[in-house]
Amino acid sequence: MNYLSTRASRPSGTGSVPLKRFCEILLEGLAPDGGLYLPESYPQVSAQQLEAWRQLPYADLAFEILSLYIDDIPAPDLRDICRATYTEALFGSPQIAPLKSLGAGMYLLGLSNGPTLAFKDMAMQLLGHLFEYELVRRGEQLNILGATSGDTGSAAEYAMRGKQGVRVFMTSPHGRMSPFQQAQMFSLQDANIHNLAIEGVFDDCQDIVKAVSNDLEFKRAYKIGTVNSINWARLVAQVVYYFAGYFQATRTSTERVSFAVPSGNFGNVCAGHVARMMGLPIERLVVATNENDVLDEFFRTGVYRVRGSTDTFETSSPSRDISTASNFERFVFDLLGRDGARVQQLFGVDLPQKGCFDLSADPRFQEAQRRYGFVSGKSTHAQRLHTIRQTYEQWGLMVDPHTADGLKVAREHLDPQVPMIVLETALPMKFASTIVEALGCSPDRPAAFEGIEALPKRVRLMSADVEQVKQFIVEQCK
Ligand SMILES: *Cc1c(COP(=O)(O)O)cnc(C)c1O
């Protein structure tokens, strides 16, 4: 399988970016032309193949799907990696992603039982093993530099802790994460994990990461890498649970299902798009946003308009407080018939210059729903609280604020003939204050997390200064 950039001019491979193999793009972020990597074509899965996969344990299903996209890791090694990643010990159940029926045709796919209690573990844990495998094979060391307001950073640290060839430098805004999130990250004592609490806000952390990455000489000398959601390996790992959810909700592989996905950077739901393109019988992909509704606006109107920092809201589903959906370019590439030159014009020229583009007059925009199954909706703070309450009263189930948005929008698109699978993206315990606001009581905390706020913390406090961060990295690399 070869990979191309969403901005490569046709015919593929002859443009500015040559075709690459999986392990080449594994450790890269954006393609050199600023585009995102996608496979040259989507492998097709037949109904017979689906039937054969139906009974597989999650790790073996992951191996089958990943091996369609990865041909530069020997099969036995890839199988070992999948089996080392998706264990009952780590994900809390033999199904790994267990499906719960809520009644009335609605289901909840449990993706938040990994070590950091959010769905990002599903992909990040695999990434940790893949990075270690490839870095050991190359005899290289990678320094991952990131910025987090909570979920991504903790998932990355728990995936990379103790892994050979990898160090993690994770910046976060000092004093702004919840005490639980701070405890999760800062209590890690692994020598290869470094927490940098920056005196500033999340944007200051992101600016530092950008400044370091833009210093190409430093980046090369200290092998700076990232693990953000545009990484193709993360996306393909997420494809697996769409299949696993489908198999649990159906009895034969001709039935259709829909998925509702709380979306921010469009990574999670883009994996659903890939699963659908492979032939998984998906009727609708329901994109649920919060008040930061860049994506809902696009699917309703055809206009994609990135937000400035003043109209990017801080909400009670904070893991989706985005101004631009970084994975969206992948879908637009498919929607426009894989026209890299057009994508380059939209994302490389129009967006930076005008902050928006408009596909409403393009007949292919209509296909977003008809041909690709996409519909959307949004949820506000009051609606979020209402859904949390209603879900608790109706089903005795506590859901986190992000999952609540998924449930709310899923209901609006419910078709009684088609099972609707809502992706659970985090456990309520991570967002306790909103649960208290909605229900007047705190979410239960599993025994393993009792008292973690009291554990010794390993964190370095720094001012929002690029040079200090660079200096710290240099010292650790000695
Ligand atoms: C990251 C995250 C999201 C957004 O997922 P995308 O892949 O960026 O669309 C939603 N909910 C939670 C809890 C998250 O951590």
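The preceding data block contains the structure.
Note that the structure is predicted; figures quoted are calculated from it, not measured.

(A) Fine view of the pattern of salt bridges. According to the stated counting rule, one finds 29 salt bridges in the structure shown. Between aspartate 296 and arginine 300 there is a salt bridge, with the nearest N and O atoms lying 3.1 Å from each other. Taken together, the positions of aspartate 296 and arginine 300, both in helix 13 (residues 294–301) and four residues apart, correspond to about one turn of that helix. The buried category is assigned to aspartate 296, whose relative accessible area is 4%. Linked through salt bridges whose partners overlap, the residues forming this network are Asp293, Glu297, Arg305, Arg307 and Lys378.

(B) Expanded view of the sheet that holds strand 13 (residues 374–378). Strand order across the open sheet formed by six strands is 3-4-14-9-10-13, with mixed pairing between neighbours. Two strands lie at the open edges of the sheet, namely strand 3 (99–103) and strand 13, each paired on one side alone. Averaged over all neighbouring strand pairs, the angle between strand axes comes to 25 degrees, with direction disregarded. The sheet contact formed by strand 9 (residues 257–262) and strand 10 (residues 282–289) spans five bridges and is parallel. Each residue of the ladder has a partner; that of valine 257, found in strand 10, is isoleucine 282.

(C) Here's a closer look at the site of the ligand. Near the ligand lie 15 residues; those nearest to it are Lys120, Asp151, Gly264, Asn265 and Asn268. Taking lysine 120, its side chain carries an N or O atom lying 2.5 Å from an oxygen atom of the ligand. Contact with the protein chains hides 97% of the accessible area of the ligand, taken as 390 Å² for the molecule alone. Considered class by class, the residues forming the shell around the ligand number four nonpolar, eight polar and three charged.

Here is what the cut-offs are and how they apply
- Residues numbered from 1 in each chain as written.
- Predicted model: local features only at pLDDT ≥ 70, side-chain atom pairs only at ≥ 80, totals over all residues.
- Heavy atoms only, no water.
- Salt bridge = Lys/Arg side-chain N within 4 Å of Asp/Glu carboxyl O.
- Helix = DSSP H or I, 4+ residues; strand = E, 2+ residues; numbered from the N terminus.
- Buried < 20%, exposed > 50% of the residue type's maximum accessible area, 1.4 Å probe, protein only.
- Pairing = 2+ DSSP bridges.
- Axes fitted to C-alpha atoms, helices over the stretch in contact; angles between N-to-C directions.
- Near = heavy atom within 4 Å.
- Polar contact = N/O pair within 3.5 Å; in protein donor to acceptor, adjacent residues only side chain to side chain.
- Areas by Shrake-Rupley, 256 points an atom, 1.4 Å probe, with all protein chains shown as cover.
- Nonpolar A, V, L, I, M, F, W, Y, C, P; charged D, E, K, R; others polar.

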